[in-house]
Amino acid sequence: MESIRSYRKKIGIELQNLSTITAREAELEAQFILQFVLKETSTQLIIGRNKKISENDAGLIESIVKQRLLGTPLAYLFKEWDFYGRTYYINQQTLIPRQDTELMIDILIQNNKEDSSLKILDLGTGSGVIGLTLAHHFFNAQITLSDISSEAIKVAKINGGNSGLKNIQFVESNWFEKIPPGKFDVIVSNPPYIPKNDKHLKHPELLEQPQIALMSELGGLQAITDIVKNAKQYLNKAGLLMIEHGFDQAPTVKNIFTANTFNNVRQYQDINSRIRITSGVKI
Ligand SMILES: C[S@@+](CC[C@H](N)C(=O)[O-])C[C@H]1O[C@@H](n2cnc3c(N)ncnc32)[C@H](O)[C@@H]1O
């Protein structure tokens, strides 16, 4: 039986055979696999680094590494991924939640009181991570989570059920098509925004994710344009629309907001100083 420390090193090296990740990412993935199988935090792994790994756990680790080396992202092997400090169920019908998207949550939390009774719509909810995180934080808010994919809605409902939250409802809808009448104070969306011919779509990690969650027509801007054009009918006066987009889309997205008479258009940078979020207020 090998120790956690030597196993961690061994799988880190094995994972470097994946051409799609860096050596540092391989080390991190080795850590995530051990955390997942041993159900320990990163600190517990360090403290217990000399503990021996049981044969059962070693078998499970080997089988995860084997599948990972075939290209399946860890999130789909674990069937769960973390977002804003909580763990969510996910499967291949849903996008793997991205850390970049947490920026939206930060902005909304910074600008609204925790007990605000906001009505919030999360368009293109996928696994539900944005809407459910907001529902946890804004406990007096009412959150509608919507997606065109019935499979994604199933996943979001599982996460909603696991959360015990009562302030949520789910709607299967092509953007606003089936959103029940009523006005929202905030509409948030992380829509598909990668252009169809973008070379990144060929990256194995993205190939495994649902294409409907990634790609959009019109050079990646169709979904954003549709949402911005129609959002005002669903927003209260002074209601906020907030959208995530690609860093190279920032000037165009700003124009789409202003062309649709949104006021107070703001753009926000991610930790790499790239503008990834645009918001505007309904006059
Ligand atoms: C980039 S993913 C975002 C998922 C999730 N909100 C997140 O941030 O992890 C975009 C989501 O939009 C959904 N979507 C794509 N086209 C749509 C449409 N026409 N109407 C509603 N949802 C759509 C996809 O199914 C996918 O779940």
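Bear in mind that the values here come from a model prediction, so they are computed numbers and not experimental data.

Moving on, we get to the overall build of the chain. A count of helical and extended segments in the chain gives eleven helices and eleven strands. For the chain, whose C-alpha radius of gyration is 20 Å, the value lies close to the compact-globule estimate of 19 Å for 283 residues. For the C-alpha atoms alone, the extent of the chain along its principal axes is close to 65 × 40 × 35 Å. In the chain, of all internal contacts separated by at least 6 residues, the share reaching a separation of at least 24 is 64%. As displayed, the chain offers around 14200 Å² of accessible surface, 50% of which is attributable to carbon and sulfur atoms.

Next up on the list: the side chain of threonine 278. Tracing the sequence through the fold places threonine 278 in strand β11 (residues 275–282). You can call threonine 278 buried: its relative accessible area is 0%. Within the local environment of threonine 278, its side chain forms a polar contact with the side chain of glutamine 267, the two groups lying 2.7 Å apart. Every residue in contact with threonine 278, bar those within four places of it in the chain, is listed here: Leu241, Met242, Ile243, His245, Val253, Phe257, Val265, Arg266 and Gln267.

Further remarks concern the UniProt feature "domain: Methyltransferase small" (unreviewed entry) in the chain. UniProt marks residues 107–235 with the feature "domain: Methyltransferase small" (unreviewed entry), using the numbering shown here. Here residues 107–235 is 33% helix and 21% strand, with 19 Å between the C-alpha atoms at its ends.

For the rest of this paragraph, the subject is the site of the ligand. For the ligand, the set of nearby residues contains 18 residues, the closest of which are Gly124, Asp147, Asn174, Trp175 and Asn190. Note that a nitrogen atom of the ligand is positioned 3.2 Å from one of the backbone N or O atoms of threonine 125. Within the side chain of aspartate 147, a nitrogen or oxygen atom sits 2.6 Å from an oxygen atom of the ligand.

Turning to the packing of helix α10 (residues 222–231) against helix α11 (residues 250–259), a few remarks are in order. Packed helices, taken two at a time, are described by the angle between their axes plus the distance between the axes. Two numbers describe how α10 lies on α11: the axes approach to 9 Å, and their chain directions differ by 25 degrees. Taken together, α10 and α11 sit at an angle that is classed as roughly parallel. The two elements α10 and α11 meet at a crossing, and its hand is right-handed. Residues Ile224, Thr225 and Val228 of α10 pack against Val253, Ile256 and Phe257 of α11. When its residues are assigned to classes, the contact of α10 with α11 shows five nonpolar, one polar and no charged.

What follows deals with the packing of aromatic side chains. For the structure shown, the criterion picks out six aromatic pairs. Joined through ring pairs, the aromatic side chains of Phe32, Phe36, Phe78 and Trp81 make up one cluster. In this arrangement the basic side chain of lysine 119 is found over the ring face of phenylalanine 184, its NZ or CZ atom lying 5.4 Å from the centre.

Further remarks concern the pattern of salt bridges. Applying the stated criterion across every chain, the model contains twelve salt bridges. Note that glutamate 29 is salt-bridged to arginine 68, the shortest N-O span being 2.6 Å. Here glutamate 29 is found in helix α2 (residues 23–38), whereas its partner arginine 68 is found in helix α4 (residues 55–69), with 39 residues between them in sequence. By the burial criterion, glutamate 29 is buried, and arginine 68 matches it. Bridged by salt links that share partners, the residues Arg98, Asp100, Glu244, Asp270 and Arg276 form one connected network.

Moving on, we get to unusual backbone geometry. Located in the positive-phi region is lysine 79, a residue other than glycine, with phi close to 60 degrees. With respect to the element layout, lysine 79 can be found in the loop between α5 (74–78) and β1 (80–83). With relative accessibility at 38%, the residue lysine 79 sits in the partly exposed group. One non-glycine residue, tryptophan 175, lies in positive phi territory at about 40 degrees.

About the cut-offs
Residues numbered from 1 in each chain as written. Predicted model: local features only at pLDDT ≥ 70, side-chain atom pairs only at ≥ 80, totals over all residues. Heavy atoms only, no water. Helix = DSSP H or I, 4+ residues; strand = E, 2+ residues; numbered from the N terminus. Rg over C-alpha atoms; globule rule 2.2 N^0.38 Å. Contact = heavy atoms within 4.5 Å. Areas by Shrake-Rupley, 256 points an atom, 1.4 Å probe, with all protein chains shown as cover. Buried < 20%, exposed > 50% of the residue type's maximum accessible area, 1.4 Å probe, protein only. Polar contact = N/O pair within 3.5 Å; in protein donor to acceptor, adjacent residues only side chain to side chain. UniProt positions renumbered as here; feature names shortened; annotations may be inferred. Near = heavy atom within 4 Å. Axes fitted to C-alpha atoms, helices over the stretch in contact; angles between N-to-C directions. Parallel < 35°, antiparallel > 145°, perpendicular 65-115°, else oblique. Left-handed = near helix turned anticlockwise from the far one by under 90°. Nonpolar A, V, L, I, M, F, W, Y, C, P; charged D, E, K, R; others polar. Phe/Tyr/Trp six-rings, centres within 6.5 Å; stacked < 30°, edge-to-face > 60°. Lys NZ or Arg CZ within 6 Å of the ring centre and 35° of its normal. Salt bridge = Lys/Arg side-chain N within 4 Å of Asp/Glu carboxyl O.

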